[in-house]
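So the chains spell out like this:
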Amino acid sequence: LWEWESVMTTEIKCCGETLQRHCCQQVCHKYGNDDQCRFQFPHEIVESSYYDAETKSVVHQCLDGNINYFNLHVLVFCRHNHDLKCILSGKAAIFYITDYITKSDLKTHEMLSLL
């Protein structure tokens, strides 16, 4: 068991660094976001996860502000970049997935105004 944990830890570090590290590029600053990354990098450093009662949200631990939020097992076993998002309604999920697949220049709030 110790050997498996050691290998898993090494793989998490290797995959996290090569697959999940964000480096700002031109796409980060389109739509007039010249002064900051539109993907909100770097993330705020958070020493340990906690529940924020005021916003009713879970704030996850973040020790490196330029690493995407990820799931350890998905990262190691699928070996691809991914970003975890919390979507609380079916309608929001449909819009998020549609936006992601079509990569439309229209923002979600602009699409909603068309309905």
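This structure is a prediction, so every number in the text was calculated from the model and none was measured.

(A) Examining the overall build of the chain more closely. Helices and strands together make up the secondary structure of the chain, namely 4 helices and 2 strands. The N-to-C order of helical and strand elements in the chain reads α-β-β-α-α-α. Counting every position in the chain, which comprises 115 residues, the buried fraction comes to 18%. Long-range pairs, those at least 24 residues apart, make up 39% of the contacts in the chain with a sequence separation of at least 6. Counting only carbon and sulfur atoms, one obtains 57% of the accessible surface of the chain, whose full area is about 9200 Å².

(B) Structural detail: the confidence of the model for the chain. With 89% of its residues at a pLDDT of 70 or more, the chain shows a mean pLDDT of 84. Within the chain, the element-level pLDDT minimum falls on helix H4 (residues 108-114), averaging 64, and the maximum on strand E1 (residues 50-52), averaging 92.

(C) View of helix H1 (residues 2-19). Helix length check: H1, at 18 residues, gives a terminal C-alpha distance of 25 Å against a target of 26 Å (1.5 Å per residue), a fit within 8%. Along H1, the positions that sit buried rather than exposed are Met 8, Ile 12, Cys 15 and Gly 16. Angular distribution of buried residues about the axis of H1 spans 100°; they occupy a single face of the element. Residues of H1 that are exposed and point over 90 degrees away from its buried face: Trp 2, Glu 3, Lys 13 and Thr 18. Here the buried face of H1 lies against helix H2 (72-78).

(D) View of a nonpolar patch on the surface. On the surface, a nonpolar cluster with roughly 510 Å² of combined accessible area is contributed by Ile 87, Tyr 96, Ile 97, Tyr 100 and Ile 101. Locating Ile 101 in the fold gives a position in helix H3 (residues 90-102).

(E) Local environment of the side chain of His 22. Within the secondary structure layout, His 22 lies in the loop between H1 and E1. Assessed through its relative accessible area of 15%, His 22 is described here as buried. Non-local contacts of His 22, meaning those with residues more than four positions away in its chain, are made with Cys 28, Cys 37, Phe 39, Phe 41 and Asn 66.

(F) Local environment of the state of the cysteines. Scanning all chains against the criterion turns up 0 disulfides. Cys 23 takes part in no disulfide bond, and the closest cysteine sulfur to it belongs to Cys 24, at a distance of 8.2 Å. As a non-bridged cysteine, Cys 37 has Cys 24 as the owner of its nearest cysteine sulfur, 3.7 Å distant.

(G) Examining the pattern of salt bridges more closely. Overall, the coordinates contain 3 salt bridges when judged by the stated rule. Salt-bridge contacts for Glu 17 lead to Arg 21; the nearest nitrogen and oxygen are separated by 2.6 Å. You can call Glu 17 partly exposed: its relative accessible area is 43%. Across the pair Arg 21 and Asp 64 runs a salt bridge whose closest N-O atoms are separated by 2.6 Å. Of this pair, Arg 21 sits in the loop between H1 and E1 while Asp 64 sits in the loop between strand E2 (57-59) and H2, placing them 43 residues apart in sequence. Overlapping salt bridges bring together Glu 17, Arg 21 and Asp 64 as one network.

The rules behind each value
Residues numbered from 1 in each chain as written. Predicted model: local features only at pLDDT ≥ 70, side-chain atom pairs only at ≥ 80, totals over all residues. Heavy atoms only, no water. Helix = DSSP H or I, 4+ residues; strand = E, 2+ residues; numbered from the N terminus. Buried < 20%, exposed > 50% of the residue type's maximum accessible area, 1.4 Å probe, protein only. Contact = heavy atoms within 4.5 Å. Areas by Shrake-Rupley, 256 points an atom, 1.4 Å probe, with all protein chains shown as cover. pLDDT = per-residue confidence, 0-100. Expected span 1.5 Å × (residues − 1). Arc of directions from axis to C-beta. Patch = residues over 30% accessible without salt bridge, like charges linked within 9 Å, V, L, I, M, F, W, Y side chains within 5 Å. Salt bridge = Lys/Arg side-chain N within 4 Å of Asp/Glu carboxyl O. Disulfide = S-S within 2.5 Å.

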